[in-house]
Amino acid sequence: MAELDKNDGSMDATPNVTDVVAVDAADETAAVAAIEAPVERGEPILQVRNLVKHFPLSQGILFKRQVGAVKAVDGVSFDLYQGETLGIVGESGCGKSTVARLLMALETATSGEVFYKGQDITRLSGRALKAVRRNIQMVFQDPYTSLNPRMTVGDIIGEPFDIHPEVAPKGDRRAKVQELLDVVGLNPEYINRYPHQFSGGQRQRIGIARGLALNPEIIICDEPVSALDVSVQAQVINLMEKLQDEFNLSYVFIAHDLSIVRHISDRVGVMYLGKMAEIGTDAEIYDHPTHPYTQALLSAVPVPDPEARERGERIILTGDVPSPANPPSGCRFRTRCWKAQDKCSTELPLLAVPERFKGSDSPAAHESACHFAEEKDIVGAAS
Amino acid sequence: MTIMDKTADIPAPRAGGPDDARLLEVRDLHVEFHTRDGVAKAVNGVNYSVDSGETLAVLGESGSGKSVTAQAIMGILDMPPGKIPQGQILYRGQDMLTMSNEERRKIRGQKIAMIFQDALSSLNPVLSVGYQLGEMFRVHQGLSKKQAKAKAIELMERVKIPAAKQRVSDYPHQFSGGMRQRIMIAMALALEPDLIIADEPTTALDVTVQAQVMDLLKELQTEFNMGLILITHDLGVVADVADKIAVMYAGRIVETAPVHELYKRPAHPYTRGLLDSIPRLDQKGQELYAIKGLPPNLLKIPSGCAFNPRCPKAEDICRTEIPALVPVSEQDGSELPGRGSACHFWKETIHG
């Protein structure tokens, strides 16, 4: 807790996430050893604390000066437990994909920490970072652009072995790739085919096979099914659930389809303009949302049941998401919120269990960043 | 030019059977594309109709022919490679496929307008939105630039774009996704058409904005008593706005039904599969129902029922005989109005 107290008030303090046990590795070898140690099921494997990513906006040609920053991610904290699926939902531009890139160490965080088994990956380099990257893999959104059209499927899935030769010695690679193809439900004889010879769903399976190649512990899925046809989405979701059980994986599942997120996730976080608005188990978020944004988001989702449109209240938000380069003061959602009061523009609501629900064991008692958090009867999505 | 003048030059509907009263009717439409690899049969005999004030949702996956049908109605199909070997598209009883280009142009935009999926690539990036909106009035009604601009502002206000006067000379990239889609809607509405075809109007938008745009579309439809053909793959959007639904698969309509009926009791295994693959609360932690296999390749559509390789109920007859779209009735034989299914085993599917 001590390290969180050091932060100034502009950050999200999340007092009820478990403490980070930072492992102070004296050297690289110790760090690699810590990274390779197994984690018990249900223990935190990834801990994100006050993660911030600002993209600078500059002006001028010869003398560039920074005129501002796009605050893509602005103080996000959460835990990912071993073996669970954490869903992250939010509108486009809310920073969910930037979070994914930060977890992969593909972007350098402006500030904040990402602890993987107690090691802060934002500060790692060299062998230790390579070891982390082996254990955290990614599945991308668009299976049409994330596979190199000039490489065969065998080369695409086998490429990770070039970087991490310890996983599969050179002679074994072909067999290993064929095994992976079989695991994701593709014919192992397709090894010499090119991506254009496959349909969208099959390509996404190739992307998943590539993600699995190095036996990772965490897979970050950034909109893995949104580019697929409805009848194929279910196939890919089933495959991902099967693989999770088989290989004991933890997923960070980023998507905008709320019913799919509910199906696959154990816990769900809702993001708005670079901040976490609400986080809790799937039932807490979907059946007892207390943040107005979550309520609006859930009620905006068209429900595949024509009778639902006659039931319950539907909240339709006005306006668009404000620019992350110039977010509103105080609560980010206040410009579109029907409950907004003066307090919301001056005081930043913290992500915590709301005061009124504290100590109660109702499902509404989960972390929500709103001054006036309360339950509301809405048309529920995916219920 | 007043509205009176505008309506005066539509040819009066042909006298004839009651079918002529239909706003738009598509009859046995076929569309094929001649490619190097062979003939892709995108649409294989589609029939549907829309009346004023009615919303028809055309539901289907990519490659099911739903957009191609719409393009054929609008007359914006690329020909060649596209070809319409047979079929009729009747607008108020007149076959648009046999009309001259001149006649067709009078209908397009003025009577039937279209809203496209991707507003950013459908709007011209180097022209201001005011100019693009005004083009409709300049070309079809011969208004001056100044009058057209005034009309454009009026339209932008109607689709609830804030500060329309200041924003009329802005360019498409200066608007957000939802606002751009509103401009597309404004453009379609400009000449107060009788029928709007919306091809995936909200697929590229976020859910909160999608709800705004669908609400606006519904409101305007009621105001002008327009017919609306909504093309989508989203079962949720369809449940929200449609009156009746046509489900397409491999260029054919496999099921038609009023909206409540379809969700309650699908009469085609494909529709049932789609509905079953929506994650439901009580299935949490279990495997989702998934339609096995892949959508068919249009170059070689399976013989018989195109859905047979993926269908759990398929039998020999399905592999040889193409099922016709037949009326669906209750178990006791009483008619279910508006319902049809192209399945040999529709009885088992709906009642079994």
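Counting starts from 1 at the beginning of each chain's written sequence and moves along it residue by residue. The order in which chains are written sets their letters, starting at A; the order in which ligands are written sets their numbers, starting at 1. Whole-chain, interface and lining totals are the exception, using all residues; otherwise, since this is a predicted model, local features are given only for residues with pLDDT of at least 70 and side-chain atom pairs are given and counted only at 80 or more.

### Remarks on the overall build of chain B
Item 1. Going along the chain from the N terminus, every DSSP run of H or I of four or more residues is numbered as a helix, and every run of E of two or more is numbered as a strand. The helix and strand inventory of chain B stands at 14 helices and 13 strands.
Item 2. In terms of overall dimensions, chain B has C-alpha extents of about 65 × 55 × 45 Å along its principal axes.
Item 3. Remark: C-beta atoms are placed from the backbone, and a residue is labelled buried if 20 or more other C-beta atoms sit within 10 Å of its own, exposed if 12 or fewer do, or partly exposed between those counts. Evaluated residue by residue, chain B yields a buried proportion of 45% over its 352 residues.
Item 4. Placing a C-beta atom from the backbone of each residue, one calls two residues in contact when those atoms lie within 7 Å. For chain B, the share of sequence-separated contacts (at least 6 apart) that also reach a separation of at least 24 residues comes to 63%.

### What about the nonpolar core?
Item 1. We call a set of buried Ala, Val, Leu, Ile, Met, Phe, Trp, Tyr and Cys residues a nonpolar core when their C-beta atoms link them within 7 Å. By size, the foremost hydrophobic cluster in this structure holds 198 residues, and its most contacted members are V252(A), A186(B), I229(B) and I245(B).
Item 2. Per-domain counts for this core show at least three residues from each of domain 1 (22-242) and domain 2 (248-351) of chain B.
Item 3. Setting aside residues up to four positions removed in sequence, I229(B) forms contacts with V50(B), L56(B), V58(B), A70(B), I197(B) and A198(B). For each domain, the first and last residues come from an automatic or database assignment.

### Some details on the sheet that holds strand 6 (residues 136-139) of chain A
Residue and element names in this part refer to chain A.
Item 1. Two strands qualify as a pair provided DSSP detects at least 2 bridges between them. Spatially, the 7 strands line up as an open sheet ordered 6-7-8-3-9-10-11, and their pairing is mixed. Only two strands of the sheet have a single partner each, and these edge strands are strand 6 and strand 11 (367-368).
Item 2. Pairing of strand 9 (residues 267-272) with strand 10 (residues 275-281) involves 6 bridges; the strand directions are antiparallel. Pairing of G269 across the sheet is with I279, part of strand 10.
Item 3. Orientation is described by axes fitted as lines to C-alpha atoms, over the contacting stretch for helices, and by angles from 0 to 180 degrees between their N-to-C directions. Docked against the sheet, helix 3 (residues 96-103) engages strand 3 (85-89), strand 6, strand 7 (218-222), strand 8 (250-254) and strand 9, running at close to 150° with respect to strand 8.
Item 4. On the sheet, helix 11 (residues 292-300) packs against strand 9 and strand 10 and is oriented at approximately 100° with respect to strand 9.

### Re the UniProt feature "domain: ABC transporter" (unreviewed entry) in chain A
Item 1. Mapped onto this structure's residue numbering, the UniProt feature "domain: ABC transporter" (unreviewed entry) falls at residues 46-298 of chain A.
Item 2. Helix makes up 36% of residues 46-298 of chain A and strand makes up 28%, while its end C-alpha atoms are separated by 27 Å. UniProt positions are given in the numbering used here, feature names are shortened, and annotations may be inferred rather than shown by experiment.

### Considerations on helix 8 (residues 177-189) of chain B
Item 1. For helix 8 of chain B, with 13 residues, the first-to-last C-alpha span of 18 Å sits near the 18 Å given by 1.5 Å per residue.
Item 2. Of all 13 residues making up helix 8 of chain B, 13 are buried, and the element is well covered by its neighbours. Here, expected helix span is obtained from the residue count minus one, scaled by 1.5 Å.

### Structural notes on the sheet that holds strand 10 (residues 244-249) of chain B
The strands making up a sheet are joined through hydrogen bonds of the backbone, oriented either antiparallel or parallel.
All names here are of chain B.
Item 1. The sheet built from 8 strands is open, its strands ordered 7-8-9-3-10-11-13-12 with mixed pairing. The outermost strands of the open sheet, each flanked by one partner alone, are strand 7 (112-115) and strand 12 (326-329). The average angle at which neighbouring strand axes cross in this sheet is 25°, direction not considered.
Item 2. Pairing of strand 7 with strand 8 (residues 195-199) involves 4 bridges; the strand directions are parallel. Considered in strand 8, the bridge of A113 is made with I196.
Item 3. Running at roughly 145° to strand 8, helix 2 (residues 66-74) makes contact with strand 3 (55-59), strand 7, strand 8, strand 9 (227-232) and strand 10 of the sheet.

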